[in-house]
Amino acid sequence: MRKQPLLTRIGELFKPLVRYTLLLYKFNLKFRVGLLTLTALILFGAISVATPPHHWKWFVLPKDQPPSLSSIDVIMGTTTNGRSVFWASTNAVLNSLVIAILTALIASHVGLFIGLVAGYRGGLIDRTLMFITDSFVVIPQLPLLILLAMLLRDILTIPFMALLISVSSWPWPARQVRAMVISLREREFVSTAILTGIPEWQVILKEIMPHLLGWHLINATNTVLYAIGAEVGLSVLGLSILSIDTLGTMIYWSMIGYPSLFRGVWWWPLPPIILTIVVFVSLYLVSTAIAESIESKRGVIS
Amino acid sequence: MSGEGLLRFALIRVVYFFATIFTAFSLTYLLLRLMPVNAVENVITQITAQGMIYDPEALNILRRQLYEIFGLVGSPWEQYLRYLRGVFTLDFGPSILAFPTPAKSLVVRYLPWTIGLLFFTTIISWVIGNLLGMLSALKEESILSKILQGVAVTLYPIPYYVMALVLIFLLAYLIPIFPLSGSSIYMERLDLGTVLSILRAATLPALSIVIVSALGWWFLSSRTLTLRVKAEDYVEQAYLRGLPEGLIVKKYIMRNILLPQVTALGLALGTIFSGAVITEAIFAYPGLGLLLFRAISTGDYSTALSIVSLSIYGVALGTLILDLIYPLIDPRVGHR
Amino acid sequence: TLPKAPQVAWQLPLPPDARRGDVLVIENHHGTHADPQNFNRLVPGRPGWGATGYSQVCAGALWYINTTNSELISWLAAGPPEYSPDYREVTIYLRKGITWSDGVPFTADDVVFHINLIRNTQGLFGNAIFKKWVADVSKVDDYTVKVKLTEPNPRFHLFLTVVIYGSPYNGIVPKHIWEKEDPLKFKFYPPVCLGPYVLKQVDPGGNWFLWERNENWWGTRLYGMKPAPKYVLFIHHGPEDKKALAMSRHELDAIRTFLPENFQVVWQNNKYIGGWRKEPPFAWLFDACVKGIAFNLQRYPYNITEVRLALRHVINFKAIYEAFEGPDGSLPSVAALPVVPTPLAVKLYYEPLESELVKLGYDPSIKWWKYDPEKAARLLESVGFKKGPDGKWRLPNGEKWVINIIAPSGFEMESQRIAFLVADQWKAFDIEVNVNPVETGVFSPSWSRGTFDVGAFWPGCSLLADLTPHIQWWHSKYFDPSAPSIGWAGYSFPKRDLLNSIIDEMERTPSGDPKIYELGREALLIWAEQAPWIGFFPTPFYTLNDNYVWTNWPHYPDNYYMDPVYWWAQMQFIILQLKPTGNVERLDKTMPGKPPVLPIEIPKKP
Amino acid sequence: MAGGEWIMRLEGIRGGYLTGSFWEDFLETVSGVNLDIFENEILGIAGESGCGKTTLLRIMYGHVVKPLVLRSGRVLLRGENGVYDLASVDLEERRKLWWRVVGYIPQNSMNMLNPVERVRDHFLEILKHHAGMGEREATSVATRYVEEVGLSRDVLNAYPHQLSGGMRQRVVIALSLMLKPKLVLADEPTTGLDVVVQRGVLQTLTEKVRSYGSSLVIVSHDIGMHTMVTDRIAIMYAGKVVEVGKTVEVIREPLHPYTRALIESLPKIGDKRLRKGLPGMPPDFKNPPSGCRFHPRCPLAMDICKDKEPPLVSLGSGRLVACWLYGEGGVGVG
Amino acid sequence: MEKGVLELAELLRLENVEKTFKYGIVFGFKFKALDRVSLQLGQKPTIYALAGESGSGKTTLARVILRMLKPDSGRVLYKGREVYSLRGNELKWFRSEVQAVFQNPYASFNPLRRVYSYLLDTAMQLGGVRDEREAEELIEKTLLSVGLNPEDVKGKYPSQFSGGQLQRVAIARTLISRPKLIVADEPVSMLDASLRASILEIFKRLKENMGISFLYITHDLSTAYYISDEITIMLRGWIIEKGPVEKVLGEPLHPYTTALLESLAEPDLEKRAKWLNRVELGGIEEKEFVAGGCRYRHRCPLAFEKCSQEPPMVFVKDRGVYVKCWLYA
Ligand SMILES: Nc1ncnc2c1ncn2[C@@H]1O[C@H](COP(=O)(O)OP(=O)(O)OP(=O)(O)O)[C@@H](O)[C@H]1O
Ligand SMILES: Nc1ncnc2c1ncn2[C@@H]1O[C@H](COP(=O)(O)OP(=O)(O)OP(=O)(O)O)[C@@H](O)[C@H]1O
Ligand SMILES: [Mg+2]
Ligand SMILES: [Mg+2]
């Protein structure tokens, strides 16, 4: 049998997604604003690769300097350690986004996978998976996070952080996906696909997945939001990776490690807070735009 | 619709309830046990770190004695069984954080504070958030609704810590209407004055929670839901029937968003037992969250497990009760 | 700076008839007490002693040490202890006329009961100590106690003395209350006191403790001492920022310590504050422990002396020192040795040893070890270390050398800062360094079990002129392999036996004997040669006092009668001398009584 | 019957949907419809799916909200106090007319009931609000109506989801007839129901309408159904009315080729002769065929059909047709 | 005749198939959507109609036959083989022999997927082709056979077709694997009258030219009459009447069949008067499924005592007509 190269096949799967994104971008103001802001944020984070090596050190610059336009290092002021708030912020944005996006990738896909399998296969598999999910649902999230964060303290790296936050954020999506799959499973086109004789996994991939994509996208963006929030929350408790710049650790250092809010060193805690808000708002815009386009029946997707 | 069916369903659901919490408990226990935290060493370190005069040899003896009196002996399996017994009696023995006070009585001491704060803030947030969210969705095009949405989206991601500090600065420092900490009430007897000062002391912590969760979470979710219900055929149809808008909002929109929101409320109420660590820490509010955090970080298994169990029970009971009463509040369930 | 806040807009938990001027407000630094209604501190586990006020205003000890001059204050005891010539017996004389706050007289029975209770109850805090040292304790008469020791010990009384802070077993417990109770379960609530205050109310939420002056206190009756504040409130406001706000508007009179940043907030907004000095620099420089970086001497390669010495030589001390400069110009007092450089200690140890230390690489101009990367490189190369092609140092076996520093997080922020700073320095010398901040709960077990490579902590504490209690544990007889900590006690090196014998000798010598200082110097010199850890300085502490409501806080150098450290039991002596300023409304008109100078009342030997 | 006073008159209705993300495009799905609905008649509107039937009905009800827009034309309704133009009268006025004077049974009316309300409440709401009845009176009226449409009174206590599609449909019908509106617009009231139920529902609907002396517009693509219940029938094709006439006449002698094809393609029991469907596809509204919109599929198409749009001409006795075949004899009314 | 031969002589055989659905988790009640349904289709190419009111179990039966819904009890045999124990290659064989067309063409294709990909999948999996090029040839041929231009189909999403076109594509898809049996579940009820005839025409042609049998599910008796040879009438999970279509629809036996016939709305003005005679509609459906006795008795104008006591048995009338009604006892 002559097969298409795998990559083309995968590309084929993503085509609707890309088409959808382009359409949304073209027609939805919210989406456009959100996506542009997000891109700007990512670019801002990307600048961090240019961080001068000595900025990883302390007391490179005079401490507690307010923002000034004299050089890029002090454009956003300096910290009490004499570090550049600008470089710290770019790194923080990048790291936080990486954590959040990794979390979204892990958690929403685990949720998706479990929900898909449970919903599509039904029966014992469904019951077992849902049992595990429900057991996770009843464990309170914050204590779970705290426990895990403390447990993994020594080996906490960015991917680990994402893994950790994922643990508390997959069960609900799994439940929702399952509910959707159960109703999708009954749709006629699934029957048609079964009749074409393709194996089960392909049925799931070709028939059910595309219908979950929109929701999945929203869920993933929401997970990104959750992850940013969770990382900030853990940081405030001192449980994040304190030696790395993230939005959370910046808040931690500027407000708890070196309390600067009431000292008038506003330029240090403010960027991470504002950036958190901007990340949230841009993702919120993207997510609501997708949700709206899916809900309004003239959705671009179909 | 048979009563027998209901009974059977309830029975299965209850068995399931116990099965899930059993798994959840075991999982938490495992995690706690894996923690590299050690209560005994904490005490020892405290002694040495404070420069106390303690005979070096005696210190080593003390260490061994502490393991015994803190109940940290026995095989993991024995300890697990002891723990499981605790799950049912909710008695995990003496706390370490406040040795020898039983962990149970610590929880009992803190529970009213936590419930007092979180129960009411959850309810208040829920009501305010839902009302505002609904209004903003109903008047989608109005400027006020857009401003409200903007405010909500901006407030929501602000970390609790920051929000609380700003509130304190404004309302306790600059305009000192409220006390700096959440429990500064002198109470000789319980009269109106004390009750008022309790309320006053709890206002700021409550406010910080309400702002973020009412204007943030509940507002946004209720808005989304309302928008969705508003687009339903039956709402448009009611409108075409010439029914007054008030009635449509009340009977068609409100009732339909109420159901999912009641579910969410039930779950939110289930989670209050794990407290609100950050709020409690900032306001010096004596709640379970902070206690739990400290218990975990000092290796006080008995206290940590008491609270975690309570909150597992809370969430599990919340879902159980919801599942059981849902058919009564949502006519559609049980038929789909 | 902060916008001007309304002054004294206090909202404190006080009885309705109290005004701001009637109360001394002290920080409860422990935070929320899990069980605030537990005053049994003999049972280990009840944390945050100094934060409840119990040991400062309620409990009473036989002796206290004035840390400003190492002098012994005989308090419940009528005078210093009397040792038999072989140091196998101690006689304690008690003051007559002392009563508990419930009116019951305090007698030798209480002291005997106290020592026996601890000695006989396994699980109590001092149990191991008293079991080890006390052979027998008996009452000679109502005011005389005789303790027979198992072995000679010229320092036994220190176990019953508040040296710094105070140990749980220092405070004598009342026999008439405790004898009816199970000491392991008893909560001792409300506590019966020997101090000038009694408990008025406790926050059921665990955030504050309100003490009321005992108008019938023995100190007033017998010696005319009387504290001016009618109430003392120990209160927790929340995180440091909030404490800074509280102190900025005079809602807090004494605070344990501030981060420099929070100090700055207060300093900018409250012109009445004073610290160790009345004027800037305010910071108290002599916290009991020298902060620094410690090596795990049981782990390769930190068990190689040359490695430790090399690492000491690549620290550019100036950078670290300056990082700790406070906003008011406070600078730490440098401690190259593991001894807090109080004026007394400088005279006893630092100055006499200087010339010897210089030979070991000490730089008198900075009072610390010389920054000398070349020497460090030579030292490392001498034990087989080499730089790799990437310019990074490698272990002799060719592997990359990575130093992992654990540091506390969430507490002791200073140590964490030190860790990050040192890491920077070592990185600059081309060594890979990771800093890993962890919570107390995680830090302490790994610290005491020795499961770390390098840690930022403080193995060197001292405040007494006599170093014996502080350095005793260096002796290899105290090494416990199950809890090796940094492994210094178990570390073998050529002068190990010499060090052991010096300590043995010190243990045998009583505190007052000048020989003790000589021995201490010898031990310190061995320490300096080995460099088992690197000490920098006690971090400057902004322990602040507000002179707005109360004044006559001790200040260096003019009014330096006590160390301004409220969490130590010695705070009692400060409270007794505070004076109202009249800046705020005050209903109670009491003025302070006589300062606490108690006469020696040991009965003359027949 | 036809020939009496009109109750609703459509004049030059031209409407359609805004499309595109910014509503920048317009799709005209109803193009110049003129139609009278007389008192006391049942009018059927038939046509292929997507030919604009629902659009027309929504315009007739005056429910013109985005994306639906009315480009031109008047919708005259004879109400109690005179004639209203539903297309221009303001919303408040319209809402007063809705349900009282003109009723509406939408397509898919199965989903038109509030899922969390009992059927009873749906009745009571309307009776209380529109007729100002008290609880007790309203309940008894509701019971009567429910029974009149052939449902048991148990149904009142049921929730919508507990009822079958046919029952829900009948509930909606009862709801719409309760205030005895002068005109009822029913959009495919029976699609999705099986034949027996369909028959029952239609019977109820028409009986009621007739007994109240109201008029009924039924939209459906099912010619068989129209044959059974309507007095008059209008055939739509691609947004245009192509033929109007008494049902009896249209069925017996369809004039427009499209009508003819429609009727002839239907199989009948007892007749197994081969049937031919209509060739080709329904036209695309985005670029409708020039001239007569049916010409690409028309077996009888002539040259003129491609170029010029045939007007709707009257052939007498209320028979109208828009086809060049009948061009000469008729009198243009369009 | 030997048993095996007999079985082989049958294309499809259903024996006492039962399927029970549970409704609701809480106030759960069960009803039998299929109640001991037995059915045989012979090897000879035939169009079998399956008619009945909505909710009578037609689709359920179709799904059972298509191996998409395992019955609770009873056997489903295709060419003598248990359908539900087929695995691997046998299953592929079954899929290629038995195909289906559904009611709503827009619902039977994923709106997010190109229609052509279904054809391709079928060809690759069941069409016995060696590579994609061959598959495309096969598809082209089949599309032409249902009157579609292959170029019009490629690259399009379902929403870009008209209903009639799409239904033709659906039929073409089934033909790719050269099936022996096509289950058509109300294939034309969503289509306009003008399109119906052409689709039905295709069925007829396929039966005759390609020897394919059809199970034609509908509630429209006129189309059933028009194309099918045999008809089975279902009511509430039961088969109540079956036989040759001319017989059953010409002289209906069961009162329900009669009602169905009378309710038919045809463009025939003579029937109008009769059609307008009031019919009795059922009560709450759920009750009818669980009630004892005959499930039609509530609505049956001819019901008598026995009908409410016992469920009726099946009686054989002349020329292969079976009826389940006490009237014919
Ligand atoms: N909201 C909308 N936006 C854009 N186009 C629409 C919208 N609703 C309907 N249309 C288009 O308008 C045309 C006419 O639709 P309409 O619903 O009036 O047809 P109909 O005759 O009622 O069809 P059916 O028999 O399927 O109900 C169709 O081509 C349809 O695609
Ligand atoms: N998966 C399912 N779960 C529960 N009930 C079902 C399920 N599938 C079908 N039913 C119910 O079983 C009964 C028979 O349904 P089925 O779809 O077979 O009827 P049908 O004869 O095809 O009806 P229609 O003519 O409306 O298509 C109906 O009452 C239906 O609601
Ligand atoms: Mg329509
Ligand atoms: Mg069906």
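First things first, this report covers the structure right here in the doc. Keep in mind that this is a model prediction, so the values were computed, not measured. (Residues numbered from 1 in each chain as written. Chains lettered and ligands numbered in written order. Predicted model: local features only at pLDDT ≥ 70, side-chain atom pairs only at ≥ 80, totals over all residues. Heavy atoms only, no water.)

### So, the overall build of chain D
- Scanning chain D from terminus to terminus reveals ten helices and 13 strands.
- Scaling as 2.2 N^0.38, a compact globule of 334 residues should have a C-alpha radius of gyration of about 20 Å, and chain D matches this with 21 Å.
- Looking at chain D as a whole, 59% of its 334 residues are labelled buried.
- Within chain D, contacts between residues at least 6 apart in sequence are counted, and of these 62% link residues at least 24 apart.
- Of the roughly 12400 Å² of accessible surface on chain D, a fraction of 49% belongs to carbon and sulfur atoms.
- Where the 41 positive side-chain charges of chain D centre and where its 38 negative ones centre are 2 Å apart. (Helix = DSSP H or I, 4+ residues; strand = E, 2+ residues; numbered from the N terminus. Rg over C-alpha atoms; globule rule 2.2 N^0.38 Å. Buried < 20%, exposed > 50% of the residue type's maximum accessible area, 1.4 Å probe, protein only. Contact = heavy atoms within 4.5 Å. Areas by Shrake-Rupley, 256 points an atom, 1.4 Å probe, with all protein chains shown as cover. Lys, Arg positive; Asp, Glu negative; His and termini not counted. Charge placed at Lys NZ, Arg CZ, Asp CG, Glu CD.)

### Observations regarding the packing of helix α5 (residues 103–138) of chain B against helix α8 (residues 192–230) of chain B
Residue and element names in this part refer to chain B.
- In the contact formed by α5 and α8, the axes pass within 6 Å of each other and the chain directions differ by 40°. Comparing the axis directions of α5 and α8 gives the class oblique. In this structure, the crossing between α5 and α8 has a hand that is right-handed.
- When the residues that make up the contact of α5 with α8 are grouped by side-chain class, the tally is 19 nonpolar, ten polar and two charged. (Axes fitted to C-alpha atoms, helices over the stretch in contact; angles between N-to-C directions. Parallel < 35°, antiparallel > 145°, perpendicular 65-115°, else oblique. Left-handed = near helix turned anticlockwise from the far one by under 90°. Nonpolar A, V, L, I, M, F, W, Y, C, P; charged D, E, K, R; others polar.)

### A few points about the sheet that holds strand β6 (residues 134–141) of chain C
All names here are of chain C.
- The four strands lie next to each other as β4-β5-β7-β6, forming an open sheet whose pairing is antiparallel. Either end of the sheet is taken by a strand with one partner, and the two such strands are β4 (82–83) and β6.
- Relative to strand β5 (residues 89–93), β4 runs antiparallel, the two being bridged by two bridges. Counted as the bridge partner of E82 is T91 from β5.
- Its contacts with the sheet put helix α3 (residues 108–120) on β6 and β7 (144–149), and the angle it makes with β6 is roughly 165°. (Pairing = 2+ DSSP bridges.)

### Details of the state of the cysteines
- Considering all chains together, one arrives at one disulfide over all chains under this definition.
- Of all cysteine sulfurs in the structure, the one in C305(D) sits closest to C323(D), which takes part in no disulfide; the separation is 6.1 Å.
- Just so you know, C294(E) is unpaired, no disulfide at all, and the nearest cysteine sulfur is the one on C307(E), 5.7 Å from it. (Disulfide = S-S within 2.5 Å.)

### As for the pattern of salt bridges
Residue and element names in this part refer to chain E.
- In the structure shown here, the tally under the stated rule is 78 salt bridges over all chains.
- Residue K274 pairs with E262 through a salt bridge whose shortest N-O separation is 3.8 Å. Of this pair, K274 sits in helix α13 (residues 272–275) while E262 sits in helix α12 (residues 255–263), placing them twelve residues apart in sequence.
- For E262, a relative accessible area of 33% corresponds to the partly exposed category. (Salt bridge = Lys/Arg side-chain N within 4 Å of Asp/Glu carboxyl O.)

### Focus on helix α12 (residues 373–382) of chain C
Residues and elements named next belong to chain C.
- For α12, the set of buried residues is A376, A377, L379 and L380. End-on view of α12: buried residues confined to an arc of 160°, all on one side of the axis. Among the exposed residues of α12, those pointing more than 90 degrees away from its buried face are E374, R378 and S382.
- On the buried face of α12, the contacting elements are α9 (305–313) and β17 (393–394). (Arc of directions from axis to C-beta.)

### Brief notes about the nonpolar core
- Residues W75(C), W211(C), W401(C), W426(C) and F536(C) are the most contacted members of the largest nonpolar core, which totals 370 residues.
- In terms of nonpolar packing, the next biggest core, distinct from the first, is built from 96 residues, Y252(B), V101(D), M110(D) and A265(E) among them. (Core = buried A, V, L, I, M, F, W, Y, C linked by side-chain atoms within 4.5 Å.)

### Notes on the side chain of K243(C)
- The residue K243(C) is located in helix α7 (residues 240–248) in this model.
- Overall, the relative accessible area of 7% leaves K243(C) in the buried class.

### Things to note about the environment of V138(A)
- By secondary structure assignment, the location of V138(A) is in helix α4 (residues 123–138).
- The exposure class assigned to V138(A) is buried, which follows from its relative accessible area of 4%.
- Considered as a pair, V138(A) and S71(A) are 67 residues apart in the sequence and their alpha carbons are 52 Å apart.
- Contacts of V138(A), omitting those with residues within four sequence positions, involve T20(B), A24(B), S311(B), I312(B), V315(B) and A316(B).

### A closer look at the pairing of strand β8 (residues 213–218) of chain E
Residue and element names in this part refer to chain E.
- Taken across its six residues, β8 has six buried, putting it largely inside the fold.
- Taking every second residue as pointing to the same face, both faces of β8 are buried, with S213, L215 and I217 on one and F214, Y216 and T218 on the other.
- When strand β3 (residues 47–52) meets β8, the two strands line up parallel, connected through five bridges. Residue pairing for β8: L50 is matched across the bridge by I217.
- Pairing of strand β7 (residues 181–185) with β8, which is carried by five bridges, proceeds in the parallel orientation.

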